[in-house]
Amino acid sequence: MRFAFFLCFIAALIFSSCNDTKQDFASQKLHQNWKFSEENDNLWMPASVPGTVQADLLNLGKIPHPFKLNNEDSIQWISERNWIYKKQFSVSEEQLLKTKHFLQFDGLDTYASVFLNDSLLINTNNAFRTWEVDISDALQLENELKIMFQSTDSIEAAEAAKLQYSLPEAPRVFTRKPQFQYGWDWGPTIKTIGIFRDIKLQSYTAARLKDVFFQTKSISDSLAILNAIIEIETPMYNEVSLEIENKTTGDISNFSFEIDKNKTEYTFPMTIKNPKLWWTHNLGTPFLYDFEIRLKQDRNTLDAVSKKIGLRTIELINEKDVQGESFYFKLNGKSVYMKGANYIPQNIFLPEITSEMRTQLLNDAVEANMNMLRVWGGGIYEEDEFYSLCDEKGILVWQDFMFACAMYPGDPEFLENVKQEAIENVKRLRQHPSIALWCGNNENSEGWYRWGWKDGKTEAQQQEIWEGYYAVFNHILPKVIDSLQPSVSYWESSPKYGRGDKRYQFEGDAHDWWVWHDGYPFEHFEEEVPRFMSEFGFQSFPSIEAIQYFTEQDSIDISHPSFKTHQKHARGFSLIREYMERDFPVPTEAEDYVYVSQLLQAHGITKGIHAHRRAKPYNMGTLYWQLNDCWPVVSWSSIDGLGNWKALHFKAKKAFENVLISTEEKEDVVEIFVVNDTFSEIKGTMNLTLMDFNGAIISEEKKEVISTADSSEIVYLYNLKDIIFDTSNTVLKITFGETQQLHYFEKSKNLSLEKSEIVSEIVKNKESFLITLLSETLQKDVFLSFNKKGKLSDNYFDLLPNESKTVQFYTKSDKIELKIKSINQLISKE
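Residues numbered from 1 in each chain as written. Predicted model: local features only at pLDDT ≥ 70, side-chain atom pairs only at ≥ 80, totals over all residues. Heavy atoms only, no water.

### Digging into the overall build of the protein
Rules: Secondary structure counts use DSSP, requiring at least four H or I residues in a row for a helix and at least two E residues in a row for a strand, with both numbered from the N terminus. Note that the radius of gyration is over C-alpha atoms, with the globule rule given as 2.2 Å times the number of residues to the power 0.38. Accessible area is worked out with a 1.4 Å probe on protein chains only. A residue is then buried under 20% of its type maximum, exposed over 50%, and partly exposed in between. Residues count as neighbours in contact if any of their non-hydrogen atoms are within 4.5 Å of one another. Throughout, the Shrake-Rupley method with a 1.4 Å probe supplies accessible areas, and for residues the shown protein chains are the sole cover considered. When charges are tallied, Lys and Arg are placed among the positive residues and Asp and Glu among the negative ones, while His and the ends of the chain are skipped. Where a charge sits is defined by one atom per residue type, namely NZ (Lys), CZ (Arg), CG (Asp) or CD (Glu).
Scanning the protein from N- to C-terminus turns up 17 helices and 48 strands. Compactness check: the protein gives a C-alpha radius of gyration of 29 Å against a globular reference of 28 Å for 830 residues, within 12% of the reference. The dimensions of the protein, computed from C-alpha atoms along their principal axes, are 105 × 65 × 65 Å. Here the protein, with 830 residues, has 58% of them falling under the buried criterion. For the protein, restricting intrachain contacts to residue pairs at least 6 apart in sequence, the fraction spanning at least 24 positions comes to 71%. In the structure as shown, the protein presents an accessible area of about 33900 Å², 47% of it carried by carbon and sulfur atoms. Distance between charge centroids for the protein: 2 Å, based on 88 positive and 120 negative side chains.

Structural data, given as structure tokens:
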């Protein structure tokens, strides 16, 4: 039998050596025909892989939808129990003849024991890691793969019992899985269990490419010099060749070399003539080169990998200056102002996030003129596709390591687990030109110094906890970055200082939650501007559609019992009302209240954005909290859990434009700024028109303006001293090129708005509906809604008197019904 098997093996090798088209390395996803069951239960049910136990039970009708009503509370039992997945799979005789076989698990959530043909392969304890097992001696023609998942509860309890003190935010800190699943002030408590990423069977005879990384050494106008760093795994030590094809330019480089049994990593020099640089979408083209790398022996392709690379340099400039310490980014040697938001996972059930959802969200970010997203540390290291889309769309990524708002263990086993997690994820993501920064954690340092976490602990216990922090964030993580991606900076913690430390305004990045958590007025954003605002935010209700979804009723009732679980902040509703009373009319009708809550959020956050951008270059970035939701909920997002833009997203789109007109009123003068984020000087005529809400002109002026490249400057002082006008009934319209800004002299609640008709005309074309609006008087914050799902080019805008405005509504429907709302209807004078 052994001799016959050997002959078959030799025959297979001879056959493969004559076949140039067949690749030695083979990878097969094991996604089909899975079943799952609760431990000690004989009821086996069909499972989706990738998937989760909770989502499978939902699809089978075993549980109610946790996003609706208060059903979240009724499914907590699932994560308290143990679950088993199993499947049978076959391999061909040809594949079995290959020398090496591996099972690769890209995402097991979280404590799993993996068995192949009843033999234990591995125990896993980290959902952020990829686990690979050599099964060369265990694989058969017919196989059974079984994965037993243990509840996090018992393991966390056991780890907690080892300590003489309680770690802040325990027990979640003991488990390396998405921390937001333990509940946040915008998300449900649903601790998922399951196989949430791919499982692959990988086989080869000669060799495989374990990793390919193109490291940029230098870039000039005429030449880019790179190193191709190739990791090869092989049981043989013969001569092989490497073929690197630049499909973009057509250049092919060939390297022949002898496999060295004492090393796995090889470096090959590469050049690209007349290189095209990768830029953010608002400053240039996010150009990508398309490479294919082929490992060959004779004419035979052993393995092949495709890579897209972007040529760029990215630097975090963090230097002492007269004001404190700078915090800004240089892209390709030029300082770039960062505009964007904080990103959280798009669904609590991670495998339910589709390619279409990712693409749409990132399109929404680009459309809103964002050039940076912060991947927050309480979520997940995202799928490769997410970063590839950011590469293609020209969005930079501030990437947190997955630690948030807690202090974590410092025992050797935990530290080694974290080290391997960091190594794997940095190697996986380092090729993406979108990666701009690696940050150690979210608010852990601030929490330690400001949130009372030291209370009740001895000095020795405090020292032990801090030593664990220091080991992770000042030793392990920076060393990983320095060794694997030194071209990208590492930042220990965001923010550098908490808002209770006076230095937060002058050094590093800042999270400013004086507004919201401490009740400070929105004007605070203008009074204390930090060097880089990496978090600030305000809540609003989601869309009417989202509220109808989770309340399961057509009418809107903001006192509906389901808000018990869909408003996660204990003071959320009272804070929204408190702030609304300061600046806006407070409606009595529920739908109107939802509408004004969104205007309130947009007003506060854009006030902050304007203040930050006016302060350029002292301030060089503004990222609001938060871009999106993981389910339908009342939250700080600008896009709700069903993908609908709130007022904030529409108004952020304007506030993030490359050229911005911004105003600040001081006594009898309106300071008019032009913020120019482009690399070009802009010249033009600025027109200033002071008019009442019926369109009567009070004053008109023109001013020739020069806006310096990459600047924020006061270009004009508009003097009000000698102009007589009613501040409640007047607006200053400022235009400069295609940019327009309206300056009001009173809060929205104090404006004298008339209830007049908005005339609408709807015209259907091939792509959309064109909606043209006209009013005889100024209409404040015009909100358009439809009976059909679709997307608007603009919404929540001010309609000037006797000036028509046309917007586009994109929908698959052939007929639509339009509803129009404005602030005028809520506070109009009789």
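### Comments concerning the pattern of salt bridges
We count it as follows: By convention in these notes, a salt bridge is any Lys or Arg side-chain nitrogen within 4 Å of a carboxyl oxygen on Asp or Glu.
Under the definition given, this model contains 61 salt bridges. Note that Glu325 and Lys496 form a salt bridge whose closest N and O atoms lie 2.5 Å from each other. Placement of Glu325 in the loop between strand 22 (314-317) and strand 23 (328-331) and of Lys496 in the loop between strand 29 (489-491) and strand 30 (509-511) is noted, with a sequence separation of 171 residues between them. Lys496 sits in the partly exposed class, given a relative accessible area of 25%. Its salt-bridge partner being Glu526, residue Lys607 comes within 3.8 Å of it at the nearest N-O pair. Of this pair, Lys607 sits in helix 15 (residues 590-614) while Glu526 sits in helix 11 (residues 524-527), and the two are 81 residues apart along the sequence. On the accessibility criterion, Glu526 (27% relative accessible area) is partly exposed. Through salt bridges with shared partners, a single ionic network connects Glu243, Glu245, Lys247, Glu292 and Arg294.

### Overview of the packing of aromatic side chains
The cut-off we apply is this: To pair, rings of Phe, Tyr and Trp, with the six-membered ring standing in for Trp, must have centres within 6.5 Å; the planes then decide the type, stacked if under 30 degrees apart, edge-to-face if over 60, and tilted in the middle.
Applying the stated criterion to the full structure yields 61 aromatic pairs. An angle of 45° between the planes, with centres 5.9 Å apart, marks the rings of Phe650 and Tyr796 as tilted. With a gap of 146 residues between them, Phe650 in helix 16 (residues 647-655) and Tyr796 in the loop between strand 44 (791-792) and strand 45 (797-799) connect regions that are remote in the sequence. Classification of Phe650 by relative accessible area gives buried; the value is 4%.

### What about a negative patch on the surface?
Rules: Nonpolar side chains (Val, Leu, Ile, Met, Phe, Trp, Tyr) are joined into patches within 5 Å and like charges within 9 Å, using only residues with over 30% relative accessible area and no salt bridge.
On the surface, a cluster of negative charge is contributed by Glu665, Glu667, Asp668, Asp722, Asp726 and Glu746. In this fold, Asp722 is placed in the loop between strand 37 (711-719) and strand 38 (730-736).

### A closer look at the state of the cysteines
Keep this limit in mind: Cysteine sulfur atoms are paired as a disulfide whenever they fall within 2.5 Å.
Tallied over the entire structure, the rule returns zero disulfides. In this model Cys390 remains outside any disulfide bridge; the closest cysteine sulfur is found in Cys439, 17 Å from its own. Cys390 sits in the buried class, given a relative accessible area of 0%. Not engaged in a disulfide, the cysteine Cys439 finds its nearest cysteine sulfur in Cys405; these two sulfurs lie 12 Å apart. In this structure Cys439 comes out as buried when scored by relative accessible area, which is 0%.

### Quick notes on helix 14 (residues 572-583)
Heads up, the rule is: Every helix has an expected span of 1.5 Å times one less than the residues it contains. Relevant arc is that of directions from the helix axis to the C-beta atoms, nothing else.
Over its 12 residues, helix 14 runs 17 Å from end to end, which matches the ideal 16 Å to within 8%, given 1.5 Å per residue. Among the residues of helix 14, Gly572, Leu575, Ile576, Tyr579, Met580 and Asp583 are the ones counted as buried. Each buried residue of helix 14 lies within a common arc of 130° when the element is viewed along its axis, so the set occupies one face. Packing partners of the buried residues in helix 14 comprise helix 10 (514-517) and helix 15.

### A short note on the pairing of strand 38
Rules: DSSP calls a pair of strands paired once it identifies at least 2 bridges connecting them.
In terms of burial, strand 38 is a largely internal element, seven of the seven residues being buried. Alternating residues of strand 38 divide into Thr730, Leu732, Ile734 and Phe736 and Val731, Lys733 and Thr735, and every residue in both groups is buried. In this sheet, strand 38 lies alongside strand 35 (residues 682-692) in antiparallel orientation, the contact comprising seven bridges. Bridge pairing links Asn687 to Thr735 in strand 38. In this sheet, strand 39 (residues 739-744) lies alongside strand 38 in antiparallel orientation, the contact comprising six bridges. Looking across to strand 39, one finds that Ile734 is bridged to Gln741. Between the end of strand 38 and the start of strand 39, which pair antiparallel, lie two residues, with Gly737 showing a positive phi angle near 65°.

### A short note on the sheet that holds strand 16 (residues 223-233)
By way of backbone hydrogen bonds, the strands of a sheet pair with one another, either parallel or antiparallel. Selection criterion: Interaxial angle, 0 to 180 degrees, is taken between N-to-C directions of lines fitted to C-alpha atoms, where a helix line uses only the stretch in contact.
A sheet is described by the order of its strands in space; here three strands give the open sequence 15-16-19, paired in antiparallel fashion. At either end of the open sheet lies a strand with only one pairing partner, and these are strand 15 (208-219) and strand 19 (265-273). Pairs of neighbouring strands in the sheet enclose a mean axial angle of 25°, with direction left out of account.

### Looking at the packing of helix 7 (residues 412-429) against helix 9 (residues 459-484)
As a reminder of what qualifies: What sets the label is the angle itself: under 35 degrees gives roughly parallel, over 145 gives roughly antiparallel, 65 to 115 gives roughly perpendicular, and the rest give oblique. In a left-handed crossing the near helix is turned counterclockwise from the far helix by less than a right angle, and in a right-handed crossing that turn is clockwise. Classification used: nonpolar for Ala, Val, Leu, Ile, Met, Phe, Trp, Tyr, Cys and Pro, charged for Asp, Glu, Lys and Arg, polar for all others including Gly.
Direction vectors running N to C along helix 7 and helix 9 enclose 30°, while the axes themselves pass 10 Å from each other. The angle between the axes of helix 7 and helix 9 places the two elements in the roughly parallel class. Helix 7 and helix 9 meet at a crossing whose hand is right-handed. When helix 7 is examined against helix 9, the residues Leu415, Val418, Lys419, Ala422, Ile423, Val426 and Lys427 are found in contact with a partner set consisting of Gly468, Ala471, Val472, Ile476, Leu477, Val480, Ile481 and Leu484. The class makeup of the residues in the contact of helix 7 with helix 9 is 12 nonpolar, one polar and two charged.

### Examining the side chain of Ser597
Put simply, the test is: Two N or O atoms count as a polar contact when they lie within 3.5 Å, although within protein this holds only if one can serve as hydrogen donor and the other as acceptor, and sequence-adjacent residues are included solely when both atoms are side-chain atoms.
Along the polypeptide, Ser597 turns up in helix 15. The class for Ser597 is buried, based on a relative accessible area of 0%. At a separation of 3.1 Å, a polar atom in the side chain of Ser597 contacts the main-chain amide nitrogen of Phe541. Setting aside residues up to four positions removed in sequence, Ser597 forms contacts with Gln539, Ser540, Phe541, Ile576 and Met580.

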